[in-house]
Amino acid sequence: MDAAGRFARYLASHRLKMTRSRRAILEEILSIRGHFTADDLLAHFRRRGREVAPATLYRTLARLVGAGLVHRIDMAKGQARYEPMFGRHHHDHMICLRCGSIIEFENREIERIQADVCRRKKFLLLEHTHQLRGHCAACTRAGRASALVS
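Residues numbered from 1 in each chain as written. Predicted model: local features only at pLDDT ≥ 70, side-chain atom pairs only at ≥ 80, totals over all residues. Heavy atoms only, no water.

**Q** Report on the overall build of the chain, specifying residues and quantitative values.
**A** In terms of regular secondary structure, the chain is built from six helices and five strands. The C-alpha atoms of the chain give a radius of gyration of 18 Å, which is well past the 15 Å a tight globule of 150 residues would have. For the chain, the spread of C-alpha atoms along the principal axes amounts to about 55 × 50 × 25 Å. Burial statistics for the chain: of 150 residues in total, 31% are counted as buried. Sequence separation of 24 or more characterises 48% of the internal contacts of the chain that already satisfy a separation of 6 or more. On the chain, roughly 10,100 Å² of surface is accessible, and the fraction owed to carbon and sulfur atoms is 53%. (Helix = DSSP H or I, 4+ residues; strand = E, 2+ residues; numbered from the N terminus. Rg over C-alpha atoms; globule rule 2.2 N^0.38 Å. Buried < 20%, exposed > 50% of the residue type's maximum accessible area, 1.4 Å probe, protein only. Contact = heavy atoms within 4.5 Å. Areas by Shrake-Rupley, 256 points an atom, 1.4 Å probe, with all protein chains shown as cover.)

If you want it as structure tokens, here you go:
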């Protein structure tokens, strides 16, 4: 099933319809590579001469997250970034608290340990998010350099 079909099925299960605005938002998101904010997406629509109401965009993003088509990454200070997940596999994130960069990574050992802990605790894991927060290499170097100057 394609992303639009999956989203339409999710919406129908919540007694909602696939509107033109929802479809347009989904299509724009699927064309984006990497992580984005809601404001980035609004600017993307404006650059293309297409207006979308911010409230519609935020509600649709929440529905897309609920449908599993988009992943929400909580950043510092209540901010969020998103990434399209349709056709992609699970991965985790390292988030730089200085510059906001997001580094994706996969680690089979971490996944194995999580599954083992769930099995031992008789816990049915449905989904998870693994985020490491700190400073990327560039910000760490910059921080050390500024400390030497001070």
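**Q** Quick rundown of empty space enclosed by the protein? Include the residues and the values.
**A** Space left empty within the atom packing is revealed by a probe, the size of a water molecule, rolled over the atoms. In the structure shown here, the tally under the stated rule is one cavity of 30 Å³ or more. Lining the largest cavity we find L42, F45, R46, R50, E51 and V52. Across the lining of the largest cavity, the residue classes tally to three nonpolar, no polar and three charged. (1 Å grid on protein atoms, 1.4 Å probe; cavity = no way out; pocket = protein on both sides within 12 Å on 5 of 7 lines; lining within 4 Å. Points joined across faces, edges and corners; volume = space filled by probe spheres on them. Nonpolar A, V, L, I, M, F, W, Y, C, P; charged D, E, K, R; others polar.)

**Q** Before we move on, could you go through the pattern of salt bridges and cite the residues and values that matter?
**A** Overall, the coordinates contain seven salt bridges when judged by the stated rule. Where D116 meets R119, a salt bridge forms, and the shortest distance between an N and an O atom there is 3.4 Å. Here D116 and its partner R119 are both found in helix α5 (residues 108-120), three residues apart, which amounts to about one turn of the helix. On the basis of relative accessible area, D116 is assigned to the partly exposed category, the value being 23%. The network of salt bridges with common partners includes E28, R48 and R50. (Salt bridge = Lys/Arg side-chain N within 4 Å of Asp/Glu carboxyl O.)

**Q** Explain the sheet that holds strand β5 (residues 131-134) to me, and be specific about the residues and the numbers.
**A** In space, the three strands of this open sheet follow the order β4-β3-β5, with mixed pairing throughout. The strands lining the two open edges of the sheet, one partner per strand, are β4 (102-105) and β5. The sheet shows a mean angle of 20 degrees between the axes of neighbouring strands, direction not considered. Sheet topology note: the strand β3 (residues 92-96)/β4 ladder contains four bridges and is antiparallel. In the strand pairing of β4, I95 is matched with I102. (Pairing = 2+ DSSP bridges. Axes fitted to C-alpha atoms, helices over the stretch in contact; angles between N-to-C directions.)

**Q** Got a sec to walk through the pairing of strand β2 (residues 80-84)? Specific residues and values, please.
**A** Burial analysis of β2 places four of its five residues in the buried class, the great majority of the element. Where strand β1 (residues 70-74) lies against β2, five bridges are found, and the strand directions are antiparallel. Bridged to I73 within β2 is R81. A loop of five residues connects β1 with β2, the two strands running antiparallel in sequence, and K77 in this loop sits at a positive phi of about 60 degrees.

**Q** Which residues make up the layout of surface pockets, and what values go with them?
**A** Quantified by volume, the largest pocket comes out at close to 420 Å³. Lining the largest pocket are 17 residues, and of these G68, V70, H71, E127 and H128 lie nearest its centre. Of all elements in the fold, only α4 (54-66), β1 and β3 reach the threshold of two or more residues within the lining of the largest pocket. Looking at side-chain class alone, the lining of the largest pocket contains three nonpolar, nine polar and five charged residues.

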